[in-house]
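Structural overview for review
Spelled out, the chains give:
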Amino acid sequence: MQISTTQQPGAARFFFNLLGFLPQGPKTIITSHTEASPFSILNAETGSVCYTGVLEASPLDPDTGIASARAEFSDFTVPGSYRLSVGTDLSPVFTIAEHSYDALTHDLLKMFYFQRCGCALTEKYAGVFTHAACHTAPALPYGEDPATAVPRNVCGGWHDAGDYGRYVTPGALTVSHFLHAYEIFPEKFDFTVNIPESGNGTPDVLNEARYELDWLLRMQLPDGRVYHKVTTANHAPFIMPEEDLEQLYLYPPSTISAAMFVAVTMQAARIFRKFDEDYSTKLFEAGMTSLRYLLEHPEYIPFRNPKDCHTGEYGHPSDRDSRLWASAEFLRTLATGSFDAQLPEDIRQIREQVYARFFGNMCDFTVKKDSFGWHQVGGLALLSVCFCPDADTVFGEKMHEMAKRFLSYTADSILKLREQSSFNIPMEREDYTWGSSLGLMNRAMFCIAAHLLTGNDTYRICAYDCLDYLLGRNTLQFSYVSGHGSNCLKDPHNRPTVADDIEEMIPGFVAGGANCLFHDPTAKKLLPELGKVAPMDCYIDDHDCFSLNEIAIYWNSTALFVAAYLM
Ligand code: 9MR
Ligand code: ZN
């Protein structure tokens, strides 16, 4: 368990990325000093001074609860092990090294193998963390008479989080993080993670994505609707997944699940084209079926949990953002390679229709700093437009301009937040909520996109700031990624790792993070009341705290996007 400690007078604290820095990357360490004192970087072995500078002091910051100072030494690029010294205070050792984030990126991707449902995790790939195949029984469509309902095989996919539910909307979103990362910077995914498909000629990031895509295809009904989720009625207790034998239900389709299904199958169809043409065609056709359904149903059909269902809801106020994203992926895919060759007349007409609506949806779109998250997926449409090689032709110059403007405008507002924070983190109080890691990684994604589009280096630096926070540059000096950093996540709210009786935690899992809204009873009980604890300190590494310490696929996939780009 991890509770913020009140600062001892004289005992300086140092807050920094516990995985260290890249030689060419930005380098910032926050200290608990309050004056603009001189600092030095010392060689950790010899004690010799390698670099000197002056701290930049910040007054008390309500988000961190402390006054602090910042040592910035980005222009010091020599690999090695060092300490920061301020007067007589010495920091713990930190490193500057090539490949500081390679193992991290590897493990962030490998995490998804451990989330696989419907197959046994074997020693060859899982090491000691094996388990038998789980959730293999057919699921019943919810609300139908069990005597006559036809059970359906929807085996596969990833467990969403620390629970065993499988939900279409976060699933599609997560796959899209993989696909966008691969599409925008494929050169970063030249590594394998020892999964059954490794070495088959397709990069592992796509192999892992396919495991979820295959399941998404099973969640589609012949008329194009897509079940919203498959879960038991209640979350299982802390048992291994193969022991969870309660009845699985398929919960009613929504237009959000259909739209996100269209988006991700269309995107995957164009990316898988060169690896497996038959699979690509299958994805495209499945996407077309649901797109036709959506065009015939312009009204929003939401999903709400029925009264007797207590698993995640993933509700939305509207389906406009998911329709916008679906349209963008469809238009881009149609214009890609072999798809545009011989378009049947009906698809040409559909394209006109989609384009017209896309335009309207885009003009109405309000981008948020977390528009790559499950609350709001419109940001993914922006990525699709802005990184489309011939965006002016496919989307029109005006639309392309608008998408670029939305992206850079949001990235600029993220930079402003960063400037206001004493830790140089683009977060404000209201951002310390359930799944704060997602908001933070979304900001880093905006900054990466803006950096790639404009070449402005401040965006790239801000993306590193976000990664630094996740890996230890926070008031708890805590790395929210298991297995990475000397003080890191060890006891997440995650059923298998609690139930498996193995002391060690699987590396590469990202926790939801600090949340000052106390959404779970243990957090309420154990954390001091707000005012006595700063938002950045509102976190406990205890599996009971599901609103602080759960793991989830989209927390990992956004971190993967960021770490892969920055590594
Ligand atoms: O991540 C979700 C968080 O933002 C919401 O506030 C919370 C309550 O609705 O739900 C979280 O999502 C959970 C989902 O409902 C079920 N699987 C675990 C998810 C992570 O906590
Ligand atoms: Zn399972």
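Residues numbered from 1 in each chain as written. Chains lettered and ligands numbered in written order. Predicted model: local features only at pLDDT ≥ 70, side-chain atom pairs only at ≥ 80, totals over all residues. Heavy atoms only, no water.

Glancing now at the overall build of the protein chain. For the protein chain, the count of helices and strands is 17 helices and 13 strands. Against the globule reference of 24 Å for 567 residues, the protein chain gives a C-alpha radius of gyration of 24 Å, in line with a compact fold. Once the C-alpha set of the protein chain is aligned to its principal axes, its extents read approximately 75 × 55 × 45 Å. Within the protein chain, contacts between residues separated by at least 24 positions form 71% of all contacts whose residues are at least 6 apart in sequence. Total accessible area computed for the protein chain in this model is approximately 21,200 Å², and 51% of it derives from carbon and sulfur atoms. Of the side chains in the protein chain, 43 bear a positive and 70 a negative charge, and the two mean positions are spaced by 4 Å. (Helix = DSSP H or I, 4+ residues; strand = E, 2+ residues; numbered from the N terminus. Rg over C-alpha atoms; globule rule 2.2 N^0.38 Å. Contact = heavy atoms within 4.5 Å. Areas by Shrake-Rupley, 256 points an atom, 1.4 Å probe, with all protein chains shown as cover. Lys, Arg positive; Asp, Glu negative; His and termini not counted. Charge placed at Lys NZ, Arg CZ, Asp CG, Glu CD.)

Turning to the side chain of Arg270, a few remarks are in order. Tracing the backbone through its elements, the reader meets Arg270 in helix H5 (residues 255-272). Of the residues examined, Arg270 reaches a relative accessible area of 7% and is grouped as buried. Side chain to side chain, Arg270 and Glu329 meet in a polar contact 2.8 Å long. When sequence neighbours within four positions are dropped, the list of residues in contact with Arg270 reads Glu183, Glu329, Arg332, Thr333, Thr336, Phe339 and Ser384. (Buried < 20%, exposed > 50% of the residue type's maximum accessible area, 1.4 Å probe, protein only. Polar contact = N/O pair within 3.5 Å; in protein donor to acceptor, adjacent residues only side chain to side chain.)

Residues in contact with ligand 1, as listed here, are Asp160, Ala161, Asp163, Tyr167, Gly312, Tyr314, Trp374, His375, Trp434, Glu550, Tyr554 and Trp555. Side-chain polar atom of Tyr554 to an oxygen atom of ligand 1: 2.8 Å apart, as the coordinates give it. In the complex, 79% of the free accessible area of ligand 1, which totals 450 Å², lies under the protein chains. Residues belonging to the shell around ligand 1 are distributed by class as follows: seven nonpolar, two polar and three charged. (Near = heavy atom within 4 Å. Nonpolar A, V, L, I, M, F, W, Y, C, P; charged D, E, K, R; others polar.)

Time to look at the nonpolar core. Core analysis: the biggest nonpolar cluster contains 171 residues, and Phe330 and Phe395 have the highest contact counts within it. No other element matches the 13 residues that H5 contributes to this core. Discounting residues that sit within four places of it in the chain, Phe395 has contacts with Ala328, Leu331, Arg332, Tyr355, Phe358, Ser384, Val385 and Cys388. Formed by 17 residues, the second largest nonpolar core is a distinct cluster that contains Tyr51, Phe76, Leu84 and Phe94. (Core = buried A, V, L, I, M, F, W, Y, C linked by side-chain atoms within 4.5 Å.)

Take the sheet that holds strand S6 (residues 66-72) next. The strand order across the open sheet formed by four strands is S1-S2-S6-S5, and the pairing between neighbours is antiparallel. Looking along the sheet, the strands with just one partner apiece sit at the ends: strand S1 (14-15) and strand S5 (56-61). Sheet topology places S1 next to strand S2 (residues 28-31); two bridges connect them, and they run antiparallel. Paired with Phe14 across the two strands is Thr31, which belongs to S2. (Pairing = 2+ DSSP bridges.)

It is worth spelling out the coordination of the zinc ion (ligand 2) at this point. Around the zinc ion (ligand 2), the protein contributes the donor atoms Cys117 (SG), Cys134 (SG), His135 (ND1) and His159 (NE2), at 2.0 to 2.3 Å from the metal centre. With four donor atoms in place around the zinc ion (ligand 2) and angles of 103 to 115° between them, the coordination shape is tetrahedral. In the primary sequence, the donor residues of the zinc ion (ligand 2) line up as C-x16-C-H-x23-H. Placement of the pair is Cys117 in the loop between helix H1 (102-114) and helix H2 (123-126) and His159 in the loop between strand S10 (140-141) and strand S11 (166-167), with a sequence separation of 42 residues. Side by side, Cys117 and His159 carry an identical accessibility label, which is buried. (Donors = N, O, S within 2.8 Å, 3.2 Å for Na, K, Ca; no water. Tetrahedral: all angles 85-135°; square planar, octahedral: opposite > 155°, others 65-115°.)

Running from N to C, H5 and helix H7 (residues 320-334) cross one another at 25°; their axes reach a closest spacing of 8 Å. One finds that H5 runs roughly parallel with respect to H7. Crossing of H5 over H7 shows left-handed handedness. The segment H5 lies against H7, with Thr255, Ile256, Ala259, Met260, Val262, Ala263, Met266, Gln267, Ala269 and Arg270 engaging Ser322, Arg323, Trp325, Ala326, Glu329, Phe330, Arg332 and Thr333. Residue classes in the contact of H5 with H7 are distributed as 10 nonpolar, four polar and four charged. (Axes fitted to C-alpha atoms, helices over the stretch in contact; angles between N-to-C directions. Parallel < 35°, antiparallel > 145°, perpendicular 65-115°, else oblique. Left-handed = near helix turned anticlockwise from the far one by under 90°.)

So, about unusual backbone geometry. The backbone phi angle of His135 is positive, close to 50°, even though this residue is not glycine. Mapping His135 onto the fold places it in the loop between H2 and S10. One non-glycine residue, Asp501, adopts positive backbone phi at about 60°. Inspection of the secondary structure assignment puts Asp501 in the loop between helix H14 (495-499) and helix H15 (521-526). Under the relative-accessibility criterion, Asp501 is labelled exposed at 75%.

What follows concerns the sheet that holds strand S13 (residues 249-251). Reading across from one edge, S10-S13-S12-S11 is the order of the four strands in this open sheet, with mixed pairing throughout. In this open sheet, the two edge strands, each paired with only one partner strand, are S10 and S11. Examined bridge by bridge, S10 and S13 share two bridges and lie parallel to one another. Bridge pairing in S13 links Pro141 to Leu250.

Residues at a pLDDT of 70 or more form 98% of the protein chain, whose mean pLDDT is 95. The low-confidence segment residues 1-9 (pLDDT under 50) makes 17 contacts with residues lying over four places distant or belonging to another chain. (pLDDT = per-residue confidence, 0-100.)

Now for the environment of Ala523. Counting through the fold element by element, Ala523 comes out in helix H15. Among the residues examined, Ala523 registers a relative accessible area of 0% and is labelled buried. For the pair Ala523 and Thr231, spaced 292 residues apart in sequence, the C-alpha to C-alpha distance is 26 Å. If sequence neighbours within four positions are ignored, Ala523 has contacts with Ile540, Cys545 and Leu548.

As enumerated under the stated definition, the model contains 37 aromatic pairs in all. Relative to Phe189, the ring of Phe185 lies with its centre 6.2 Å away and its plane at 15°, an arrangement referred to as stacked. The exposure class of Phe189 is buried, given its relative accessible area of 4%. Ring pairs connect the aromatic residues Phe16, Phe21, Phe39, Tyr51, Phe73, Phe76, Tyr82 and Phe94, which therefore count as one cluster. (Phe/Tyr/Trp six-rings, centres within 6.5 Å; stacked < 30°, edge-to-face > 60°.)

What follows covers the pattern of salt bridges. Applying the stated criterion across every chain yields a total of 20 salt bridges. Asp346 is paired through a salt bridge with Arg292; the nearest N and O atoms lie 2.5 Å apart. Of the two residues, Asp346 is situated in helix H8 (residues 345-363) and Arg292 in helix H6 (residues 277-296); the sequence distance between them amounts to 54 residues. A relative accessible area of 34% places Asp346 in the partly exposed class. Asp468 is the salt-bridge partner of Arg473, the closest N and O atoms lying 2.9 Å from each other. For the pair formed by Arg473 and Asp468, the shared burial category is buried. Three or more residues joined by partner-sharing salt bridges are found here, namely Glu183, Arg270, Glu329 and Arg332. (Salt bridge = Lys/Arg side-chain N within 4 Å of Asp/Glu carboxyl O.)

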